[in-house]
Amino acid sequence: MKHTLIAIATSLAAIGVALPAAAQDTTQKQTPALTKQEAKDLKTQSDAAYKARKHVADANHDINKGDCEVAADGSTERACKKEARAAKKQEKAQAKTLHEAEKDVIKANSK
């Protein structure tokens, strides 16, 4: 979980989205940091990055599955393939969590 939060913060910093300070007065009306077009562009980038992360997870799964077929036999091979599927599922879940967090930050910082 800690690594996921670090990845979220790093990726948001890379796309230039600033998180609001927690100590700000909530009674003040804040102006959005992003225009509608900027928010749309960031959302498009986030969607593309999400799809790329999913494709990377699929590619890693194929590599791990191939390693299992070469290195193991019988029940060991099946167990290895099961671990590869679990790793793929976890990578895709992390990609989705990161994508949802990015969308929330973009929505919070736009008009």
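Residues numbered from 1 in each chain as written. Predicted model: local features only at pLDDT ≥ 70, side-chain atom pairs only at ≥ 80, totals over all residues. Heavy atoms only, no water.

Participant: Would you mind going over the environment of Lys54 in detail, with residue names and values included?
Facilitator: Position of Lys54 relative to the elements: it lies in helix H2 (residues 36-71). The exposure class of Lys54 is partly exposed, given its relative accessible area of 30%. Sequence separation between Lys54 and Lys89 is 35 residues, and the spatial gap between their C-alpha atoms is 9.6 Å. (Helix = DSSP H or I, 4+ residues; strand = E, 2+ residues; numbered from the N terminus. Buried < 20%, exposed > 50% of the residue type's maximum accessible area, 1.4 Å probe, protein only.)

Participant: Give a description of the state of the cysteines that names residues and reports values.
Facilitator: A complete count under the given rule lists one disulfide for this structure. The disulfide bridge from Cys68 ends at Cys80, spanning 1.8 Å between sulfur atoms. With the S-S dihedral at roughly -65°, the linkage between Cys68 and Cys80 falls on the left-handed side. With Cys68 in helix H2 and Cys80 in helix H3 (residues 74-108), this pair connects stretches of sequence that are 12 residues apart. For Cys68, a relative accessible area of 2% puts it in the buried group. Of the residues examined, Cys80 reaches a relative accessible area of 26% and is grouped as partly exposed. (Disulfide = S-S within 2.5 Å.)

Participant: Explain the environment of Asn60 to me, and be specific about the residues and the numbers.
Facilitator: With respect to the helices and strands, Asn60 occurs in helix H2. Spatially, the C-alpha atom of Asn60 lies 8.4 Å from that of Ala84, the residues being 24 residues apart in sequence.

Participant: Before we move on, can you summarise H2 with the specific residues and values?
Facilitator: An ideal rise of 1.5 Å per residue puts 52 Å on 36 residues; H2 measures up with 52 Å between its terminal C-alpha atoms. Buried within H2 we find Ala39, Leu42, Ser46, Tyr50, Ala57, His61 and Cys68. Summarising the contacts, the buried residues of H2 are in contact with H3. (Expected span 1.5 Å × (residues − 1). Contact = heavy atoms within 4.5 Å.)

Participant: For the packing of H2 against H3, give the residues involved together with the corresponding values.
Facilitator: Following both chains from N to C, one finds H2 and H3 inclined at 175°, their axes separated by 9 Å at the closest point. It follows from the interaxial angle that H2 and H3 lie roughly antiparallel. Considering only residue class, the contact of H2 with H3 consists of 11 nonpolar, five polar and 16 charged. (Axes fitted to C-alpha atoms, helices over the stretch in contact; angles between N-to-C directions. Parallel < 35°, antiparallel > 145°, perpendicular 65-115°, else oblique. Nonpolar A, V, L, I, M, F, W, Y, C, P; charged D, E, K, R; others polar.)

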